[in-house]
Amino acid sequence: MQYSTPAHPLHLGKPENPGYTAYKGHVINPISAQAYEDFVNGALVVDEHGTIVAVGNYEDIQKEHKIDNVRELGTRLITPGFMDLHIHLPQFPQLGKSGQHLLPWLEKYIYPAESRFSDPVHSKAIADWFFKELARNGTTTAVVMTTVHQEATDMAFASAAEIGNRVIMGKVMMTCNAPAQLLESERDAINHSSALCQKWHGYDNDRLLYAFTPRFALTSSESHLKETAKAWKQHPGSYFHTHLSESEEEVKLVAQTFSDHRSYLDVYADNGLIGVNSIFAHAIHLDNADVVKLSKTQSALAHCPSSNFFLKSGVFAYDRLEKAGVKFGLGSDVAAGPQMSLFQVMKDANYIQPQTWLSPAELFYRATLAGAIALNLEHRIGNFKKGKEADFIIIDPTKKSGIARNMMLQPTDEILSSLVFSGDERLIEATFVRGHCIYSVEQKAIEATISSPH
Ligand code: GUN
Ligand code: ZN
């Protein structure tokens with residue numbers, strides 16, 4: 001059998017007819033950490049509202065449904081979109097700048113970059129660039145930290161609203177221990193966050209959601225953390241997003257600053273900041289009581305292996321947390337993570353573990369469905385099921401040099417392995433959120449390149 005992709009262009013634009021559109025190709029659908037459904041001659045069928053109508057073998061689907069539009073994708077893969085559980089929008093221009101642990105890195109590269117977001121022109125340019133790049137990387141859902149600036153965060157929401165990404169986002173809050181130009185009063189921090197939440201939380205049938213976002217324990221007073229918990233509880237369905245136990249130096253400072261709490265996690269927990277819809281990035285240096293508490297309260301972790309490599313922060317206790325039933329997905333943590341692509345993050349998740357082997361299927365699950373479960377969104381997204389919303393990507397694993405031309409004829413386990421360990425964003429041919437195409441190679445050809453505005 002010869003390997004072939006369709007000779008004709010993808011034609012992923014708006015369907016010509018109303019009704020059902022079948023994306024016909026090789027569908028891979030994660031089910032659990034160990035299992036996935038595999039339809040080599042498959043299809044994902046989406047209605048005009050972006051809801052999944054069917055997934056399975058095309059022949060079987062055709063017997064049951066009247067298909068109004070067909071998108072022939074040959075041997076290309078159709079998978080759920082990636083979910084990035086922790087990323088910083090304003091740090092995108094600082095990719096690849098390291099050589100220091102967390103705290104000096106923040107001082108040298110990050111706080112100066114975030115200070116520039118007092119300028120609306122800069123803020124708008126970076127936000128548009130960031131959300132287009134997320135789509136180009138196949139990330140359909142991102143949990144995003146912005147800066148302390150209300151106006152810049154408002155613009156970031158407007159960009160995501162227009163470009164079509166699914167986003168959980170919040171204005172960073174810092175009320176102490178930061179450069180003067182990035183400090184705000186506790187009242188402003190809460191009022192500005194609440195105003196943004198009122199305006200954007202739930203936008204477009206919950207495509208945009210709000211997260212109350214104190215940066216980390218060191219940049220908040222105890223009273224600010226308490227007020228944050230109140231604001232979070234006052235807005236049903238909103239999230240709480242922060243950093244937890246990343247670097248050893250940070251953990252020591254937290255222990256000194258908040259000496260009457262048992263652990264770093266307890267600084268948040270004792271102030272009401274734990275539970276369903278809480279997202280903690282990193283969570284490297286935890287003790288057993290912390291692990292039990294995270295599991296019991298159904299809190300979520302964003303595991304950011306590329307960042308942990310880059311800043312030499314330590315190793316996430318993958319096995320221990322998984323066995324304890326703690327919910328976690330993957331995060332790029334740009335710019336401490338040097339790349340936005342979840343392909344990079346998946347492979348680093350395996351490489352950073354000194355003993356544990358993570359299978360490609362498990363890594364793909366972590367980058368998709370596990371993220372949705374962590375965010376309590378698995379009833380809507382994360383994999384393909386009738387009634388869920390169609391957030392998906394089209395991947396051509398042969399789009400990168402060095403990947404065998406016959407790759408698509410190999411067993412699906414091998415295809416997944418090749419994707420995880422040799423893949424990058426060049427393999428992404430199109431990205432869809434709720435059935436709407438937010439990036440495609442065709443569009444890229446028109447735009448020539450998405451270049452850095454700064
Ligand atoms: N801890 C507090 N702020 C940050 C940040 O911007 N990046 C990372 N990786 N950790 C943090
Ligand atoms: Zn971070």
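See the structure printed just above.
These notes cover the structure that comes with them. Note that the structure is predicted; figures quoted are calculated from it, not measured.

The space that makes up the largest pocket amounts to roughly 390 Å³. Taken together, 21 residues line the largest pocket, and the ones lying closest to its centre are Gly13, Lys14, Pro15, Gly435 and His436. Of all the elements in the fold, those that place two or more residues in the lining of the largest pocket are strand S1 (21–30) and strand S16 (436–440). The greatest single-element share of the lining of the largest pocket, amounting to three residues, is contributed by S16.

Next up on the list: the site of ligand 1. Every residue close to ligand 1 is listed here: His88, Gln91, Leu102, Trp105, Leu106, Arg215, Phe216, His243, Glu246, His282, Asp333 and Ala336. Between glutamine 91 and ligand 1, the recorded distance is 2.8 Å, taken from a side-chain N or O atom to an oxygen atom. Bound to the protein, ligand 1 loses 100% of the 280 Å² it would expose on its own. Counting atoms within 2 Å of the grid points, the majority share of ligand 1 lands in the largest cavity. When residues in the shell around ligand 1 are grouped by element, the largest group, three residues, is from helix H2 (residues 102–115). Counted by class, the shell around ligand 1 contains five nonpolar, four polar and three charged residues.

Enumeration according to the criterion identifies 21 aromatic pairs in this entry. For the pair tyrosine 351 and phenylalanine 421, a centre-to-centre distance of 6.0 Å together with 15° between the ring planes defines the contact as stacked. A residue pair is termed long-range when its members are at least 10 positions apart, and tyrosine 351 in helix H13 (residues 342–351) and phenylalanine 421 in helix H16 (residues 412–422) qualify at 70 residues. Phenylalanine 421 sits in the partly exposed class, given a relative accessible area of 25%. Ring geometry for phenylalanine 392 and phenylalanine 432: centres 4.3 Å apart, planes at 5°, overall stacked. Pair noted here: phenylalanine 392 is in strand S14 (residues 392–395) and phenylalanine 432 is in strand S15 (residues 428–433), with a separation of 40 residues, a long-range link.

Rules behind the numbers
Residues numbered from 1 in each chain as written. Chains lettered and ligands numbered in written order. Predicted model: local features only at pLDDT ≥ 70, side-chain atom pairs only at ≥ 80, totals over all residues. Heavy atoms only, no water. 1 Å grid on protein atoms, 1.4 Å probe; cavity = no way out; pocket = protein on both sides within 12 Å on 5 of 7 lines; lining within 4 Å. Points joined across faces, edges and corners; volume = space filled by probe spheres on them. Helix = DSSP H or I, 4+ residues; strand = E, 2+ residues; numbered from the N terminus. Near = heavy atom within 4 Å. Polar contact = N/O pair within 3.5 Å; in protein donor to acceptor, adjacent residues only side chain to side chain. Areas by Shrake-Rupley, 256 points an atom, 1.4 Å probe, with all protein chains shown as cover. Sits in = over half its atoms within 2 Å of the grid points. Nonpolar A, V, L, I, M, F, W, Y, C, P; charged D, E, K, R; others polar. Phe/Tyr/Trp six-rings, centres within 6.5 Å; stacked < 30°, edge-to-face > 60°. Buried < 20%, exposed > 50% of the residue type's maximum accessible area, 1.4 Å probe, protein only.

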